[in-house]
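Per-entry structural report
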Amino acid sequence: MQLQTVLDEIQKRPGTGDTIPVFDPSTEEQITEFKDCGPEAVNDAVARARESFESGVWHGLPASERAKVLWRVGELIDENADVLAKLESLNAGMTPTQAQGTVTVSAEFFRYYAGWCSKIEGIAADVHTGGLTGIDSHQHAYTLKEPYGVVGLIFPWNGPIFNFCAKLAPSLAAGCSSVVKPAEETPLTALVLDRILTEAGVPDGVANLLLGYGHTAGAAITAHPDVEKVAFTGSTEVGREIVHAAGASNLKKVTLELGGKSPVVVFDDADLKSAIPMAAFGTFIHSGQACVCGSRIFVQRSVFDRFVEGLANIANTLPQGGPTEEGVIIGPLISQKQLNRVLGYLDQGKSDGVEFVTGGHRRDRKGYFVHPTVVTNVATTSRLFQEEIFGPVVSVIPFDDEDEAVALANDTTYGLAATAWTSNLGRAHRIAKRLKAGTVGLNCQMQFDHSMPFGGYKQSGWGYESGKAGLETYLQTKIVWAQL
Ligand code: NAD
């Protein structure tokens, strides 16, 4: 598919709801628009998914056949990498390098989970016991891992293709049928993926793309009585709404990958030559619109000034611009709404008296660009310190000893990721145990691999994505007892 074809085709998709404009965040120009699919389309898509599931057209295939289809999806993503990356840049404001990287990682999700199709297995036991009845009996017991059925996959705009593939690949490997809803801001790569799924041999009705707003299409999916599970990535606020909707409908199972306010702890024995650029990268990448961004940095007092100076230097020199501009490292925020949100936090910080070492303002140019911002002198009770901003804004706070660092790092309702920089091996592993986060980096940050699970502690989530745990997200366990 060509880029222009995608921009044209999306306009022709049927829908009964409002017209939703799609923007290039680096220019603020509207590039296309589409119709919200409306509630009837959700009902139809769920019915199609149900029919495909009950027919066994997908989960009834031999595992090796499902694996071949998944592998083929990965290959086709690679073959279409150029247009996918260009769309991701145009629509989500990613730099070309970042967009290409995200497409490669997305293809790999399908190859990784292709391997799991043939490794879905339970346990078996020879049980010779009185059991609960007290009557001596002998049984063969085993477990079956079965797909949930129809699952709803809902995700945000900050990594559109990544989130699509992170959810769809394991759900297909497990044998589920699905309805898939990308964010209303970033629907474009989903159109290409939809075409790829058909070309690779995913049967009709197994994966059904729905385009629309969260409060319309998303809410209709989560309230639907025939959806057995929702896997959601997005904000903690919407995650909470999804839990309510699941409870009020059919008590559907829910997996949540939510927000973060991740701490980075830098001890005075750390290799600052690595720690400073990695901390800058880990907070300013994608203009801070990554859930695992290290947006609260705690630095031991003796190296605090040196660290802040180094971080501010990078913030001041990071090339920021649109994807077609030469050498950019970070792009814009996604939307006017997100820009207003970030500027609101900066205004709040100004009235709270925080110290802006650098940044604190919008760039004087077209596009939703905010200058990478480093603040100090932040009260730990302030909104700037406690709430997820999802922009290029980092608070840096000094500490004196390990206990204080751990207390500061854990002073958050979130628990997505955390990082510690130190050359003391014992302390590194000790602090990894003390930090309350689903992912901890020791002298490294922003690591990802398909083989490793990813999930949040505290209000950053329920359940896991990636790795074997990501597959089990879409499987339920049946226990079978057979009298011998
Ligand atoms: P959001 O919660 O506003 O929206 C996410 C998705 O949910 C969108 O598709 C949206 O249309 C849909 N939605 C909105 N309201 C809904 C409702 N009532 N019912 C059902 N669906 C609804 O999040 P956002 O602002 O698009 O994305 C940013 C958030 O995502 C941040 O909080 C970020 O931390 C989080 N995030 C988390 C991870 C992770 O893996 N933990 C990864 C990426 C982003």
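In this text the structure is predicted, and so the values were computed from the model without any measurement. (Residues numbered from 1 in each chain as written. Predicted model: local features only at pLDDT ≥ 70, side-chain atom pairs only at ≥ 80, totals over all residues. Heavy atoms only, no water.)

**Looking at the overall build of the chain**
Within the chain, the secondary structure is distributed over 16 helices and 20 strands. Its C-alpha atoms give the chain a radius of gyration of 24 Å, near enough to 23 Å, the size a compact globule of 484 residues would have. Overall, the C-alpha framework of the chain stretches about 70 × 60 × 40 Å when taken along its three principal axes. Scored against the burial criterion, the 484 residues of the chain give a buried share of 55%. Sequence separation of at least 24 residues holds for 72% of the intrachain contacts in the chain that already meet a minimum separation of 6. As presented, the chain carries roughly 19900 Å² of accessible surface, and 53% of it is formed by carbon and sulfur atoms. Counting 40 positive and 55 negative side-chain charges, the chain places the averaged centre of each group 2 Å from the other. (Helix = DSSP H or I, 4+ residues; strand = E, 2+ residues; numbered from the N terminus. Rg over C-alpha atoms; globule rule 2.2 N^0.38 Å. Buried < 20%, exposed > 50% of the residue type's maximum accessible area, 1.4 Å probe, protein only. Contact = heavy atoms within 4.5 Å. Areas by Shrake-Rupley, 256 points an atom, 1.4 Å probe, with all protein chains shown as cover. Lys, Arg positive; Asp, Glu negative; His and termini not counted. Charge placed at Lys NZ, Arg CZ, Asp CG, Glu CD.)

**Concerning the site of the ligand**
Surveying the vicinity of the ligand reveals 27 residues, the closest of which are Phe155, Glu184, Ser235, Leu258 and Glu388. Tryptophan 157 is positioned with one of its side-chain polar atoms (N or O) 2.9 Å from an oxygen atom of the ligand. Residue glutamate 388 places a side-chain N or O atom 2.5 Å away from an oxygen atom belonging to the ligand. Relative to its unbound accessible surface of 860 Å², the ligand loses 89% to contact with the protein. (Near = heavy atom within 4 Å. Polar contact = N/O pair within 3.5 Å; in protein donor to acceptor, adjacent residues only side chain to side chain.)

**Focus on the nonpolar core**
Ranked by internal contacts, the top residues of the largest apolar core, which has 65 residues, are Leu70, Ile77, Phe110, Phe164, Leu168, Leu172 and Leu197. With sequence-adjacent residues up to four places away left out, phenylalanine 110 is seen in contact with Leu70, Trp71, Val73, Gly74, Ile77, Cys165, Leu168, Ala169, Leu172 and Leu197. Formed by 28 residues, the second largest nonpolar core is a distinct cluster that contains Val265, Phe298, Tyr368 and Ala437. (Core = buried A, V, L, I, M, F, W, Y, C linked by side-chain atoms within 4.5 Å.)

**As for helix α8 (residues 214-223)**
All of the buried residues along α8 are Ala217, Gly218, Ile221 and Thr222. The buried residues of α8 all sit within an arc of 130° when viewed along its axis, so they share a single face. (Arc of directions from axis to C-beta.)

**Comments concerning the pairing of strand β17 (residues 439-442)**
Here strand β16 (residues 417-421) pairs with β17 via 4 bridges, running parallel. Bridging across to β17, threonine 419 finds its partner in glycine 441. Read from β16 through helix α15 (residues 425-434) to β17, the crossover connection turns out right-handed. (Pairing = 2+ DSSP bridges. Right-handed = clockwise from strand over helix to strand, strands pointing away.)

**Quick look at the pattern of salt bridges**
Enumeration according to the criterion identifies 22 salt bridges in this entry. With a shortest N-O distance of 2.9 Å, aspartate 400 and arginine 301 are connected by a salt bridge. On the criterion of sequence distance, the pair formed by aspartate 400 in the loop between β14 (393-399) and α14 (402-409) and arginine 301 in the loop between β11 (296-300) and α11 (304-317) is long-range, its members being 99 residues apart. With a relative accessible area of 45%, aspartate 400 lands in the partly exposed category. (Salt bridge = Lys/Arg side-chain N within 4 Å of Asp/Glu carboxyl O.)

**Describing the UniProt feature "active site" (unreviewed entry) in the chain**
The positions UniProt marks with the feature "active site" (unreviewed entry) are Glu257. Contact partners of glutamate 257, with chain neighbours within four places excluded, come to Phe232, Thr233, Gly234, Phe454, Gly455, Gly456, Ser460, Gly463, Tyr464 and Glu465. (UniProt positions renumbered as here; feature names shortened; annotations may be inferred.)

**Considerations on empty space enclosed by the protein**
The final tally for this structure, using the stated rule, is 2 cavities of 30 Å³ or more. Approximately 90 Å³ is the volume attributed to the largest cavity. Residue lining of the largest cavity: 14 residues in total, with Gly288, Cys293, Ser295, Glu388 and Phe390 positioned closest to the centre. Of the residues in the lining of the largest cavity, the class split is 7 nonpolar, 5 polar and 2 charged. (1 Å grid on protein atoms, 1.4 Å probe; cavity = no way out; pocket = protein on both sides within 12 Å on 5 of 7 lines; lining within 4 Å. Points joined across faces, edges and corners; volume = space filled by probe spheres on them. Nonpolar A, V, L, I, M, F, W, Y, C, P; charged D, E, K, R; others polar.)

**A few points about the sheet that holds β16**
Taken in spatial order, the 7 strands make up an open sheet running β12-β13-β14-β11-β10-β16-β17, and their pairing is mixed. The open sheet has two edge strands, β12 (355-358) and β17, and neither has a second partner. With strand direction ignored, the average angle separating the axes of adjacent strands in the sheet is 25°. Here 3 bridges tie strand β10 (residues 263-266) to β16, and the two strands are oriented parallel to one another. In the strand pairing of β16, valine 265 is matched with alanine 420. On the sheet, α15 packs against β10, β16 and β17 and is oriented at approximately 165° with respect to β17. (Axes fitted to C-alpha atoms, helices over the stretch in contact; angles between N-to-C directions.)

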